[in-house]
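# Structure at a glance
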Amino acid sequence: MRVDQSAQWRMPGDQPDPAYPGQTPPPGFPGGGAPPPQRPWWRRRLARVKLRHVLLGVLAVFMLIIAWLAITAPLSKSLQPIAAPSLTLLSVEGDPLARRGADIRAPVQVAKLPKYVPAAFVSIEDRGFYSHWGISLRGIGRAFWRNLGAGGVREGGSTITQQLAKTSFLSPQRTFGRKIQEVLIAFWLEAWLTKQQILERYLSNVYFGDNVYGLRAAAEHYFSVPPEKLSVAQAAMLAGMVKAPTRLAPTNHLRLARERAAVVIGAMARDHVITAAQARTIRPATVNEEDDEEEVPTGTYFADWVLPSARAADEGEAYGARQIQTTLSSRLQQLALQTVRGAGLGKAQVALVAMRPDGQVLAMVGGKDYSRSPFNRATQARRQPGSTFKLFVYLAAMRAGMRPDDTIQDAPLRIGTWQPKNYGDSYRGTLTLRDAFAFSSNVAAVRLSEKVGRANVIKAARDLGVTSPLNDNPSLPLGTSGVTLLEMTQAYAAVAAGAYPVRAHGIEDPGKSWWQRMWHSYAGTTSDRAFGDMRDLLSAVVQKGTGRAASLQVPVFGKTGTSQDYRDALFIGFTQDLVVGIWVGNDDNTPLGKVAGGGIPAQIFRTFVSGATGAAPAAAAPPPVEEAPPIDEGDANFAIPLGDSGVDAGVQVKGDQVTVSVQPSPDGPDRGPPPDRRGPPVVNVPPPPGAGGRDRPPPPDDDEPQE
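Just so we're clear, the structure is a prediction, and the values are computed from it rather than from any experiment. (Residues numbered from 1 in each chain as written. Predicted model: local features only at pLDDT ≥ 70, side-chain atom pairs only at ≥ 80, totals over all residues. Heavy atoms only, no water.)

## Some words on the confidence of the model for the protein chain
What counts, and what does not: pLDDT is defined as a per-residue confidence score from the predictor, taking values between 0 and 100. What makes two residues a contact is simply this: any of their non-hydrogen atoms within 4.5 Å.
Chain-level pLDDT for the protein chain is 78 on average; 67% of the residues reach the 70-or-more range. Below a pLDDT of 50 lies the segment residues 653-658, which in the model reaches 11 contacts outside its immediate sequence neighbourhood of four places, other chains included.

## A few points about helix α14 (residues 390-399)
Our working definition: The cut-offs for exposure are 20% and 50% of the maximum accessible area for each residue type, with area from a 1.4 Å probe on protein chains only; residues under the lower value are buried, those over the upper are exposed, and the others partly exposed. Numbered from the N terminus, helices here are DSSP runs of H or I no shorter than four residues, and strands are runs of E no shorter than two.
Across the 10 residues that make up α14, a large majority, nine, are buried. Contacts made by the buried residues of α14 are with α15 (433-438), α16 (442-452), α17 (454-463), α18 (485-497) and α20 (530-544). Count one or two residues on from α14 and you reach glycine 401, which has phi positive near 105 degrees.

## A few points about the nonpolar core
Quick note on the threshold: Note on terminology: a nonpolar core comprises buried Ala, Val, Leu, Ile, Met, Phe, Trp, Tyr and Cys residues joined through side-chain atoms within 4.5 Å.
Leu391, Phe392, Tyr394 and Leu464 are the most contacted members of the largest nonpolar core, which has 70 residues in total. Ranked by the residues each element gives to this core, the list is headed by α18, at 10 residues. Ranked by size, the runner-up nonpolar core spans 51 residues in total, among them Val108, Ala235, Val242 and Leu248.

## What about the pattern of salt bridges?
The test is simple: The working definition used for a salt bridge is a side-chain nitrogen of Lys or Arg within 4 Å of a carboxyl oxygen of Asp or Glu.
Within this structure, the stated rule accounts for 20 salt bridges. Two residues, arginine 255 and glutamate 259, come together in a salt bridge whose shortest N-O distance is 2.8 Å. Of the two residues, arginine 255 and glutamate 259 both sit in helix α10 (residues 254-270), four residues apart, roughly one turn of that helix. Classification of arginine 255 by relative accessible area gives exposed; the value is 57%. Here arginine 454 and aspartate 472 are joined by a salt bridge, their closest N and O atoms 2.7 Å apart. Note that arginine 454 is positioned in helix α17 and aspartate 472 in the loop between α17 and α18, a separation of 18 residues in sequence. The network of salt bridges with shared partners includes Arg399, Lys459, Asp463 and Asp528.

## With respect to the sheet that holds strand β16 (residues 579-585)
The strands that make up a sheet pair up through hydrogen bonds in the backbone, lying either parallel or antiparallel. Defined as follows: Only strands joined by at least two bridges in the DSSP assignment are considered to pair. What counts as an axis is a line fitted to C-alpha atoms, over the stretch in contact for a helix, and the angles between N-to-C directions run from 0 to 180 degrees.
Taken in spatial order, the five strands line up as β9-β8-β16-β15-β14 in an open sheet, and their pairing is antiparallel. Each edge of the open sheet is held by one strand with a lone partner, namely β9 (361-365) and β14 (557-562). On average, each strand axis in the sheet is tilted by 5 degrees relative to the strand beside it, whichever way the strands run. Pairing geometry for strand β8 (residues 349-355) and β16, over seven bridges, is antiparallel. Residue valine 353 lies in a different strand from β16, and its bridge partner there is glycine 581. The sheet contacts of α20 involve β14 and β15 (568-574), and relative to β14 the element is tilted by about 65 degrees. Across the face of the sheet, helix α21 (residues 600-613) comes into contact with β8, β9, β15 and β16 while running at roughly 145 degrees to β16.

Written out as structure tokens, the structure reads:
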């Protein structure tokens, strides 16, 4: 090769063209070579693709498929034991309280089953199970042809492996995309599991109707036998149910279940699992209708309340059968049920909540009979709390700097056109806050509320966990706004704990540190110096006030409450480590008939806490306090003691009539302290005409008797 003067490359043998001096003629011209053949563009591009590009493309597609499956199907769990969703709530002792979702029991082992049991499922569901790689081309083709004729997806042609993939990883929707996922997961399972492992997982999780999943649960549910002792007829009936579990459940359609079982027996004879002679002698299986000894209740008041928290705690782990430990004590729950059943409630309903001062709910009764009424009166019913609401009035006063020995006037009071009253229009003049609270003076509570400000009373209630709407009117301190028993009980728990807020809960907070659980650290994070004074007041209620029927031989703190016309009766109190709230009332809000907070509710408290803690009732406990409904606003009565003669002059005002009588002074443990004699008696002046009626708010009068 050489370079000529024109700086053109020239190959040996090239002849210069006279038309192009010093240059080699281009191809196709005289003196040049023949032009090369032109290939199609797609062949030229294909020639540039090398083997490594092909491999990279296949790898990319494979990674996309894996990513798709990772997002749409939990393949990371494909080698774990698989089960349908189920949630069982356990007590602190480990006893099952309630089950939500499927009935799932221990998995089966194929090696321990009679050979005809797994063979029955293979014969009717997937005859080629032991020879295919996860899918059956013949079954898919048959299903495709039938679906084409039906105009939609009606049949899947699934193998046992595909059914395991579908029931364990995918939604029940019949779509083309889900079918592709099913096939891919089936290949995955076949690659990582043996045929026996696949069959075991399938039998342990397949649906058998009646909300029953798995062969063990089905065998015990329908025949009361373990799967290891199933007969040929029973195995055939269960295998036949898989095609349509709801329609073929023998508890609902025994004839259809037996007809399907006969088809399965024929398939077993065809596959030589049993002989033809055996098939002819097999009698249809009989469903055992005896009660299942392992049956767990699926509905209780506590379970209904705690279930949302249990599901939230199980978020991300709700795969298969799950067990969640609750705070409920089986022993205390049973004690609560026994206590309310023996309380002599008549037709009235009842609710009870027992918790630790940190809010751990130990027992809950939402009514007398869950099967008749699942409405939870402890958590769902908003009823008037009566004088138990005075807790927030006196807490606001203590926060404002007042003390239990400070005084308040227990005397008639009028705010606008409304006039609060004590029980029986009985007033004691000047009282300490301790006595006013112990004997539940209505006028003292209203006067105190107006003094410290209703906004501060509402704030105290909110601080202690009351979330229900509260009416900002003068009758607020008398408990005229509807609240739940659970709210009020956790408010009293804050006083017992010495910190707020306390949140009632049935599932232990997973965010709590181990030392908080060990030492039962209270949920409240804010202390309040006023809580010490409130314990003083609550103790006085039980020692000498309206709650004496709840007294025990250990310190008890509490408050009674009764709403207008005896429609609601409550007692909420606590001992050192147990807080209990009790409500009694009628669902239709009709009067109970002289049932007050110091009566049946206080007695229920005493009986329950005594059994729960082992503390004996106080010696010579007073009889239940009887209460009378509030009188009309236009009426008044009072008694004037005549010196030390032991005789009272009674004055009764009813409308325009005044009646004066002389009678012996009453005595006994139920009458409370005598009227204050340091000054002249206080007389309630009837309101002027027009003061009542629709202009008056509907406050309840005091709940506990004061005379």
